[in-house]
Amino acid sequence: MTYTEEFQRWLSSPALTEEERNELESIRDDEKEIQSRFYAPLAFGTAGLRGVMATGLHNMNVYVIRQVTQGIAELLISEGLQEKGAAISFDCRHNSERFAREAACVLAANGVKVYIFDGMRPTPQLSFAIRHLGCAAGINITASHNPPEYNGYKAYWSDGAQLPPKQAAIVEEAVSRIDIFDGAKLMDFDLAVEKGLIRILGKEMDEAFLERVLSQSIDTEPLQRVRDKYRIVYTPFHGVGYRMVPEALRRIGCTNIICVPEQMEPDGDFPTVASPNPETPGGFELAIKHARQHKAHLIIGTDPDADRVAIVAPNGEGEYVQLSGNQTAVLLLDYIITARKRRGMMPDNPFTVKSIVSTEMARAVSEGNGIPIHDTFTGFKFIAEKIAEQEKQGNNCIFSFEESIGYLIGDHCRDKDAVTASMLLAEMCAYYVDKGMTLFEALQALYDKYGFYKDETVNIVMPGLDGLTKMKGLMEDLRRGAKEFPDALDLVMVTDYLDGTCRDVKTGAVKNAEISGSDVLGFHFEGGSKLLVRPSGTEPKIKFYMLAHGSTDEETARFLDSMREFVSYAVKDYQ
């Protein structure tokens, strides 16, 4: 069916409301808009769905939600898991609660037991609820840090991690044959509650989650010593962290928490920020204003669904500077290791996990303390798989992260957890305040101990259908060595994570990589610097991760400059 025929099918469907039909009528003469909405359905995969909210096949709307949830229901029924059921949560975005209730109604109509939160909650709380309640699956309505017009649908499995490939493929197949208008079973929400098919989750689950979060606190004695002078500014970026994060900070003993009033009200329009992504430069402008006023030691900001967290701290020269995800991770990793050792709280057989595009400084810190570290592909579902794999062998994960400000501490969930990370970041900063140090001084001490590291990510946008062709061509060029590196970068090894081979450039010897099966290339240089390249799985862009390492700060900066030079040269013919 062509996109024009699909458009006409939607326009003539009796399922549409008058408002939805009028919306489609308004684009009748806009060929480009019709194509963008109806050229293909939103693809369902292990990351679920994400798209612009609108009436259309390639958009987020109630029809897409019902269709996919019917696929989830059929998966659960096929495995006899109706009674174990599914947990559902949602964030602050427009239509999130509506979509969550629609999903609950479809599951209930199929005889699947549903647990749904009574209001918006952090993403890690959904992962926790699945594990805590023994559910078979979970659904989270969120688009994380995407622009306001987006929403998304994340599906989870019984371990609290995102849906594994096998189950995702089953759902995808089911969705392909379920009619988007009348293929999903429906049931009235209140009736389903009355029949006991839908159970509402409230404060009791908040307390259970907070209990597990607080159990990850390691050493609050320094915090107690500095509590009267220690000041934290917190912003949820208009998102769902507005209650849980301040409460966790209060419960470990933080008494001076300055919440950014302009950003504490959940709002799907995110009115005070250009982007709701805490990684975006300028996003902390309001928070820094309050930090200067109160002379705060730390600024914490969580993204709209509170699974990712970024921090800003004074640099000792009167300026508040944002730390990168890698810098934050290294500080947190070092703190967790040293504090656990200091308190005698290190578990048996500890290990850590990071994504391959994250800083190698984490390897230096972890292995320098005798703790193995494992690499995974980008995406927390891969980190969750690695944790589960190691746990079966009797090992215990003390910290996992990816450079895009996602951190997990503890075993209560299997996704990024900004609530627990925020609590430990506050505890860590108090430890350094007690020692008379800023976080930047603490980071410098780690550089002095482990060497200098600098990282930078370049995103090259390649939009449209031809963008996929360009990305494929660039990756092919890089694979066959068509692009030469500057003289300052002495290439020693190339890792192709698609087939899992590591090739020694000097000798030609080939060995197996720790992981394989993803379209990622890694270029390793003499001295420890490396460049990783991968097409994004969710956006029309190709990403270059530059991870520089040197014996001095200046040498590291030069390596980073050389990698920037290479990236500019490599993409020149594809822009």
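First, a word on scope: everything that follows refers to the structure included in this document.

About the thresholds
- Residues numbered from 1 in each chain as written.
- Predicted model: local features only at pLDDT ≥ 70, side-chain atom pairs only at ≥ 80, totals over all residues.
- Heavy atoms only, no water.
- Buried < 20%, exposed > 50% of the residue type's maximum accessible area, 1.4 Å probe, protein only.
- Helix = DSSP H or I, 4+ residues; strand = E, 2+ residues; numbered from the N terminus.
- Pairing = 2+ DSSP bridges.
- 1 Å grid on protein atoms, 1.4 Å probe; cavity = no way out; pocket = protein on both sides within 12 Å on 5 of 7 lines; lining within 4 Å.
- Points joined across faces, edges and corners; volume = space filled by probe spheres on them.
- Nonpolar A, V, L, I, M, F, W, Y, C, P; charged D, E, K, R; others polar.
- Axes fitted to C-alpha atoms, helices over the stretch in contact; angles between N-to-C directions.
- Contact = heavy atoms within 4.5 Å.
- Core = buried A, V, L, I, M, F, W, Y, C linked by side-chain atoms within 4.5 Å.
- Phe/Tyr/Trp six-rings, centres within 6.5 Å; stacked < 30°, edge-to-face > 60°.

**Quick notes on the pairing of strand 22 (residues 541-550)**
For a regular strand, side-chain orientation follows a simple rule: the groups alternate between the two sheet faces. Burial within strand 22 is extensive, with 10 of its 10 residues counted as buried. Of the strand pairs in this sheet, strand 16 (residues 452-461) and strand 22 are connected by 10 bridges, and their pairing is antiparallel. Residue pairing in the sheet places D455 in a bridge with L547 of strand 22.

**Focus: the layout of surface pockets**
Quantified by volume, the second largest pocket comes out at close to 310 Å³. As for the second largest pocket, its lining consists of 17 residues, and the residues nearest its centre are P41, L57, Q67, V175 and S176. Partitioned by chemical class, the residues of the lining of the second largest pocket number 11 nonpolar, two polar and four charged.

**Observations regarding unusual backbone geometry**
At N95, a residue that is not glycine, the phi angle is positive and equals roughly 75°. The topology assignment puts N95 in the loop between strand 2 (86-90) and helix 5 (96-109). By relative accessible area, which is 33% here, N95 ends up partly exposed. Positive phi, close to 55°, is recorded for I405, a residue that is not glycine. Of the residues examined, I405 reaches a relative accessible area of 3% and is grouped as buried.

**Examining empty space enclosed by the protein**
Inspection of every chain in the model, using the stated rule, returns three cavities of 30 Å³ or more. Each pocket or cavity is described by its volume, and for the largest cavity that value is around 60 Å³. Lining the largest cavity are N326, Q327, V330, T359, M361, Y447, Y453, K454 and D455. Within the residue set of the lining of the largest cavity, elements represented by two or more residues are helix 13 (325-343) and strand 16. Class assignment for the residues of the lining of the largest cavity results in four nonpolar, three polar and two charged.

**Points about the sheet that holds strand 20 (residues 521-525)**
One open sheet holds the seven strands; their spatial order is 16-22-21-20-17-18-19, and the pairing between them is antiparallel. Looking along the sheet, the strands with just one partner apiece sit at the ends: strand 16 and strand 19 (510-512). Within the sheet, the average angular offset between the axes of one strand and its neighbour, ignoring direction, is 15°. Pairing geometry for strand 20 and strand 21 (residues 530-535), over four bridges, is antiparallel. In the sheet register, G522 faces strand 21, and the bridge partner there is L532. Relative to strand 22, helix 18 (residues 465-479) is tilted by about 35°, and along the sheet it contacts strand 17 (491-496), strand 20, strand 21 and strand 22.

**Some thoughts on the environment of P278**
Secondary-structure assignment places P278 in the loop between strand 8 (257-259) and helix 12 (285-294). Linking P278 and I300, residues 22 residues apart in sequence, is a C-alpha distance of 9.5 Å. Residues within four places of P278 in sequence aside, it is in contact with F237, F284, G301, T302, D303, R308, A310, Q322 and I405.

**Comments concerning the nonpolar core**
Ranked by size, the top nonpolar core spans 103 residues in total, and within it Y230, C254, I299, I300, F399 and L439 carry the most contacts. Counting residues per element, this core draws most heavily on helix 16 (residues 418-434), at 13 residues. Those residues in contact with I299, other than ones at most four positions away along the chain, are V233, F284, A287, I288, A291, A310, I311, V312 and Y320. In terms of nonpolar packing, the next biggest core, distinct from the first, is built from 54 residues, L11, F44, V114 and V175 among them.

**Quick notes on the packing of aromatic side chains**
Aromatic rings in a pair are described by how distant their centres are and how their planes are angled relative to each other. With the rule as written, the count across this model stands at 18 aromatic pairs. Aromatic side chains F237 and F284 sit 5.3 Å apart centroid to centroid with 85° between the ring planes, which places their arrangement in the edge-to-face category. Taken together, the residues span a long stretch of sequence, with F237 in the loop between strand 7 (232-235) and helix 11 (241-251) and F284 in the loop between strand 8 and helix 12 at a distance of 47 residues. The pair formed by F237 and F284 is uniform in burial state, with each residue classed as buried.

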